[in-house]
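Below are the chains, spelled out letter by letter.
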Amino acid sequence: MENQTQENKSRVIMVESEQSWDFYINQATTQGCPVVVHFTASWCIPSVAMNPFFGELASNYPDALFLTVDVDDVKAVAAKMEVKAMPTFLLIKEGAQVDRLVGANPDEIRKRVDAFVQAVRVYVA
């Protein structure tokens, strides 16, 4: 089971700069890939607690791109996306935000991500 956890973490990409944010968002937009973003901070206990859940979620949706942004490391992206509290989860399609959820609510996040990814699959098909 522990090996599986390690694999799950590898599905989540850590955004380390504004340039890497732009690269991943542009790449996903070009490929028609839905994007799920977790804005976090190392000092925010609810955010840190959501990391394993976010990794598990990423493993369940291989057709979506899962990104993590530390708001202290990549302030420009957090400001551009108007993130004011952590954790904040954004759902992005074609480069535009389509949903936002603030707070550590795994059930609601799972529900919204599932509906979002299913809608994008139908749209692409």
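Structure: above.
No experiment lies behind these values; they were computed from the predicted model shown.

**A word on the packing of aromatic side chains**
- Inspection of the entire model under this criterion finds four aromatic pairs.
- Plain terms: the ring middles of F54 and F89 are 5.9 Å apart, the flat faces sit at 45° to each other, and that makes the pair tilted. Of this pair, F54 sits in helix α3 (residues 45–60) while F89 sits in strand β4 (residues 88–93); the two residues are 35 residues apart in sequence, bridging distant segments of the chain. No difference in accessibility class separates F54 from F89, as the two residues are buried.
- Within the aromatic cluster, the residues linked to one another by ring pairs are F54, F66 and F89.

**Topic: α3**
- Taking 1.5 Å per residue as the helical rise, α3 with its 16 residues ought to reach 22 Å, and the 24 Å between its terminal C-alpha atoms agrees with that figure.
- Residue N51 marks the point of greatest curvature in α3, where the axis turns by about 35°; the proline P52 follows within four residues.
- When we look at burial in α3, the residues that qualify are S47, M50, F53, F54, G55, L57 and A58.

What counts as what
- Residues numbered from 1 in each chain as written.
- Predicted model: local features only at pLDDT ≥ 70, side-chain atom pairs only at ≥ 80, totals over all residues.
- Heavy atoms only, no water.
- Phe/Tyr/Trp six-rings, centres within 6.5 Å; stacked < 30°, edge-to-face > 60°.
- Helix = DSSP H or I, 4+ residues; strand = E, 2+ residues; numbered from the N terminus.
- Buried < 20%, exposed > 50% of the residue type's maximum accessible area, 1.4 Å probe, protein only.
- Expected span 1.5 Å × (residues − 1).
- Bend = angle between axes of the 7 residues up to and from the residue.

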